[in-house]
Amino acid sequence: MKRNILFAMDYYPLAIRLDSEMSIVIAFSALLSIALVLFVFVVRQYLLRAKAEKEYAIAQTNFEATNLQLVESEKELNRQFHKINEQKEKLKISRERYRLAVEGAEVGIWDIDMSKREVYISKKGQQIVGFENCTNSFITLEDIKNKILNTDLEEVTEKFHKHLDKESETFEVKCRIHVENDKYSWVNIRGRALHDQEGNAIRIAGSLNNINKEKLVEARINKLAYYDSLTALPNRAYFNQLIEQYIQIKKVEKFALFLVDIDNFKAVNESLGHSYGDEIIIKVAELLKLHLKENTELIRLGGDEFVIVVSHISENAELKDYANQIIEQFGKPFSYKGVSFPITLSMGISTYPMDGLKADELLKHADMALYDVKVNGKNGYKMFSFELDESFNKRLTLERDLRQAILKEEFELYYQPKLDIELGKVLGYEALIRWNHPQKGLIYPLEFIPLAEETGLIIPLGEWVICQSAKQLKEWHIMGHNELTIAINLSAKQFKDVHLVNLFKRIKVETDVDITKLELEITESTALVDMNFAIQVLNDLKRLGLKLSLDDFGTGYSSLNYLTQLPIDHLKIDKSFLNNTIEHKSGEEIIKSVISLAHACKLKVIAEGVETKKQLDFLRGENCDMIQGYYISRPVPTSEALEFICKDYNE
Ligand code: C2E
Ligand code: CA
Ligand code: CA
């Protein structure tokens, strides 16, 4: 550029001087412009570079950050990867454990895919169910159903569907499964269902195990709890369950209870011993079993009581026929260890729903009917009716009143004179109890003595009679009638009471009565129930000085054989026996022989129920020792009793 300026001065010397200055300025300006342009260029370049550098720096920083993130992500991935691997390992162990558990467990595992209706059953499960030979472990629901015993199938299906429908927390059922031939196995099946969002069961899985042993133990316990060991018949607990089942579950429309009781069993049991009693119970159970019809169940309620439950009956006539059939099978003598004894039954029948809606009510009503049979001569049956209920309630009231009466001493002794035929004199009395009921008036012994006997109230009542008679006799003796006697009636329960002998010892001391003038009257049946026992007690009483009479002779066994064995003093011929024989000529012969036989046994004979002179004359002719009856007097209160002793009846 410098070379270009020098060149211009060389060619234009003066004029051009001015021009050269101009040129300098121009050149300078040009140079300045050029410099400016250059400067701008340089600055611009610089700025561009600076910007580029800045951008580069930013990019560099971003890149580093991204890189860092990538590294972190990779690390995270690695961590996750390890975790997954660990879990995979755990899952593997768990699966292994599950497989071992399933294979080794005593229980079988099952799983049902509800959509395919396919059933998976573990090997053990297949063993339990009896699918061992099955190659495919997938079995259909139908296969399972076919395995379940028909009788159990309904329950299983019901419980299964209930659980699928979310009506139960778990599915659990005990049922029987066919295993081979006619054999079956008891299994317990448990499970839980899985439901989808709509609430449909998609699968259900669980366990099953063999519970044969459990069931065996249960059966044994059941046998102990629900069966009677003597007869192997079901017992009372079973009865209660059965009736509940009939009413609540099976909803049987009509059924009947036959309450069966062996007649006179107590007496036989006590006199011939419990082993004899047991044999009778076994025999009765066998006979009853023989005559069980369809739809009947025989249960031993306890003691000598059985109940036959007859279901699906339509007519009462049917029941009566059946009752007659049963009664007819009995009545024949039963022999055991050389002793022969006729067994008869009494039955009370009640029907559901007419006579009661619950087991205890039905039983109570059957018992009322049975009671009625018992008091009306036994060996028969009776169907319950609400009139019976009424009489039963009356009996309850009577029992309550009787208890009160004993406490309040509402009783009185009447005395019936006994005439010595030969002397024509009244030498003694029989004490006969009367009840002065505050509302009902005078009540006779036959109306309350049987109930007192049955309820045990006869013990305190009898003690009162004994005490009262002893006091009365003492009073008469003090009055100077030293030879008078009083006869006291003893019931069977009193006779069996272990305190009886001591009671007389005590009375003797307390009243200071001449005990040889007290007589005790026991009936044939009381004495004969247990001869050995009777002989022992009678001897004890006799040693105390008491006199003993056999009452109501002719009504019971009427056997004279035992007369020699019993240490008795008097024989009382029963009034009915006397009446019958006097009416019919042939009967006279019997009376004659009884009197002569009694005399041969050194027993005095008293004829009861003598109402006519004709009867008295006949008896006198036969050398009967004493008479008692309306012909002389009815039983009278104490105040009138002594009137008879002054009379001479032979005049
Ligand atoms: P029993 O021991 O056979 O007493 C005789 C029953 O015959 C009495 O009835 C008496 O009144 C009645 N009698 C007496 N003579 C005649 C007669 O000529 N004709 C008729 N038709 N009957 C006559 P009663 O007093 O009603 O006593 C009934 C039964 O009650 C007694 O029969 C006896 O077994 C029992 N009994 C009475 N008092 C007692 C007692 O204090 N203790 C116990 N354990 N039983 C008693
Ligand atoms: Ca009597
Ligand atoms: Ca009598």
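Below is a summary of the structure that appears in this document. (Residues numbered from 1 in each chain as written. Chains lettered and ligands numbered in written order. Predicted model: local features only at pLDDT ≥ 70, side-chain atom pairs only at ≥ 80, totals over all residues. Heavy atoms only, no water.)

## Observations concerning the site of ligand 1
Next up, step 1: Near ligand 1 you find 21 residues, and of these Gln416, Arg434, Asn489, Glu611 and Tyr630 are the closest.
Next up, step 2: Here an oxygen atom of ligand 1 sits 2.9 Å away from a polar atom, N or O, in the side chain of Arg434.
Next up, step 3: Lys575 is positioned with one of its side-chain polar atoms (N or O) 3.1 Å from an oxygen atom of ligand 1.
Next up, step 4: Burial of ligand 1 by the protein chains amounts to 85% of its free accessible area of 780 Å².
Next up, step 5: Those elements that place two or more of their residues in the shell around ligand 1 are strand S15 (425-437), helix H13 (445-455) and strand S19 (547-553).
Next up, step 6: At four residues, the largest contribution of residues to the shell around ligand 1 is made by S15.
Next up, step 7: Split into classes, the residues belonging to the shell around ligand 1 amount to eight nonpolar, six polar and seven charged. (Near = heavy atom within 4 Å. Polar contact = N/O pair within 3.5 Å; in protein donor to acceptor, adjacent residues only side chain to side chain. Areas by Shrake-Rupley, 256 points an atom, 1.4 Å probe, with all protein chains shown as cover. Helix = DSSP H or I, 4+ residues; strand = E, 2+ residues; numbered from the N terminus. Nonpolar A, V, L, I, M, F, W, Y, C, P; charged D, E, K, R; others polar.)

## Topic: the nonpolar core
Next up, step 1: Membership of the largest hydrophobic core comes to 82 residues, with the highest contact counts inside it found for Phe411, Tyr429, Leu550, Leu566 and Leu619.
Next up, step 2: Every residue in contact with Leu550, bar those within four places of it in the chain, is listed here: Ile522, Thr523, Glu524, Ala527, Tyr562, Leu563, Leu566, Ile568, His570, Leu571 and Lys572.
Next up, step 3: If you look at the next biggest cluster of nonpolar residues, it comprises 33 residues, including Leu233, Ala256, Phe330 and Met383. (Core = buried A, V, L, I, M, F, W, Y, C linked by side-chain atoms within 4.5 Å. Buried < 20%, exposed > 50% of the residue type's maximum accessible area, 1.4 Å probe, protein only. Contact = heavy atoms within 4.5 Å.)

## What to know about the pairing of strand S9 (residues 305-311)
Next up, step 1: With seven of seven residues buried, S9 lies mostly within the body of the structure.
Next up, step 2: Here S9 shows a buried face lined by Glu305, Val307, Val309 and Ser311 and a second buried face lined by Phe306, Ile308 and Val310.
Next up, step 3: Bridging between strand S7 (residues 255-262) and S9 involves seven bridges; their strand directions are antiparallel. Of the residues in S9, the one forming a bridge with Leu259 is Val307.
Next up, step 4: Where strand S8 (residues 296-302) meets S9, six bridges bridge the pair, whose relative direction is antiparallel. Bridged to Thr296 within S9 is Val310.
Next up, step 5: Joining the antiparallel neighbours S8 and S9 is a turn of two residues, in which Gly303 adopts a positive phi near 55 degrees. (Pairing = 2+ DSSP bridges.)

## With respect to the packing of aromatic side chains
Next up, step 1: Here the structure, examined in full by the defined rule, presents 17 aromatic pairs.
Next up, step 2: Seen in terms of ring centroids, Trp110 and Phe171 are 6.3 Å apart; in terms of plane orientation they differ by 80 degrees. Their pairing is edge-to-face. Taken together, the residues Trp110 in strand S1 (residues 108-113) and Phe171 in strand S4 (residues 171-178) connect sequence positions 61 residues apart.
Next up, step 3: Under the relative-accessibility criterion, Trp110 is labelled buried at 4%.
Next up, step 4: Both rings, one in Phe255 and one in Tyr352, keep their centres 4.7 Å apart while their planes meet at 10 degrees; by these two values the pair is stacked. Of this pair, Phe255 sits in strand S7 while Tyr352 sits in strand S12 (residues 345-352); the two residues are 97 residues apart in sequence, bridging distant segments of the chain. Grouping residues by exposure puts Phe255 and Tyr352 together as buried.
Next up, step 5: Through successive ring pairs, a cluster of aromatic residues spans Phe411, Trp435, Phe448 and Trp464.
Next up, step 6: The ring of Tyr184 has Arg176 sitting right over it, with the charged end atom 5.4 Å from the ring centre.
Next up, step 7: Sitting over the ring of Tyr371, Arg395 keeps its end group 4.1 Å from the ring centre. (Phe/Tyr/Trp six-rings, centres within 6.5 Å; stacked < 30°, edge-to-face > 60°. Lys NZ or Arg CZ within 6 Å of the ring centre and 35° of its normal.)

In short, the description is geometric, and any link to function would need to be established separately.
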